[in-house]
Amino acid sequence: MQLLIELFLCFAKIGLFTFGGGYAMISLIENACVEEKKWITHDEMMNVTVIAESTPGPIAINCATFVGYKQKGLLGAIAATFGVVLPSFVIIYLIALYFNRFLEITIISNAFQGIKIAVGILILDAGINMLKKMGNKTLLTWVLLVCSFSILLSINFLAVKISTVVVMLLSGLISLSAFWVKEITNKNKEGSK
């Protein structure tokens, strides 16, 4: 029971103090679950982040569910998921009740502008950390990174009409193609020996 409460409180704290969605939460989840609590390893965090990005649902909820399940099975998954969802639900519900009046307050309006910057920094931090921990960085990895980053910047700054989903799918297709070519080349080399 102690671990269930700890899972709930840990993810409730993350859910309460993080703005900007799941990507902004990745750094905090990693800090809490890998560095502080040692519930999962860095490699597991990388894997769960990749899996959580490719499965339906918000990334933070998927990460919380994985960590909770790994620690305490189904009850752990429920406790961690409920912990990460509850604060956001309550805050959004309260804001929705008074949304128009809420944004008219200058301090709150300015706070939201500052939060946008902080969210961008948290997402950038998560990306840099994942890049540092990623093994086997090839030329293709760097080319895809630079091209994707450039395309995403042009989407935001130049109002280019390209879906980020298309960028992700193209990067995945190129990576998968490169993997297949490498595998076929390796099999041909082994077959010729």
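Residues numbered from 1 in each chain as written. Predicted model: local features only at pLDDT ≥ 70, side-chain atom pairs only at ≥ 80, totals over all residues. Heavy atoms only, no water.

### Let's talk about the overall build of the chain
Secondary structure summary: the chain contains eight helices and zero strands in total. Going from the N terminus to the C terminus, the chain shows its helices and strands as α-α-α-α-α-α-α-α. For the chain, the spread of C-alpha atoms along the three principal axes comes to 70 × 50 × 25 Å. For the chain, buried positions account for 26% of its 193 residues. (Helix = DSSP H or I, 4+ residues; strand = E, 2+ residues; numbered from the N terminus. Buried < 20%, exposed > 50% of the residue type's maximum accessible area, 1.4 Å probe, protein only.)

### Re unusual backbone geometry
Of note, the phi angle at lysine 38 is positive, near 60°, even though the residue is not glycine. In this structure, lysine 38 sits in the loop between helix H2 (22-36) and helix H3 (42-54). Judged by its relative accessible area of 61%, lysine 38 falls in the exposed class.

### Remarks on the environment of asparagine 188
The residue asparagine 188 is located in helix H8 (residues 164-192) in this model. Between the C-alpha atoms of asparagine 188 and valine 165, which are 23 residues apart in sequence, the distance is 34 Å.

### Considerations on the packing of aromatic side chains
Tallied over the entire structure, the rule returns two aromatic pairs. Note on phenylalanine 89 and tyrosine 93: the rings are 6.4 Å apart at their centroids and 15° apart in plane angle, and the pair reads as stacked. You can see phenylalanine 89 and its partner tyrosine 93 sitting in helix H4 (residues 59-97), four residues apart, about one turn around the helix. (Phe/Tyr/Trp six-rings, centres within 6.5 Å; stacked < 30°, edge-to-face > 60°.)

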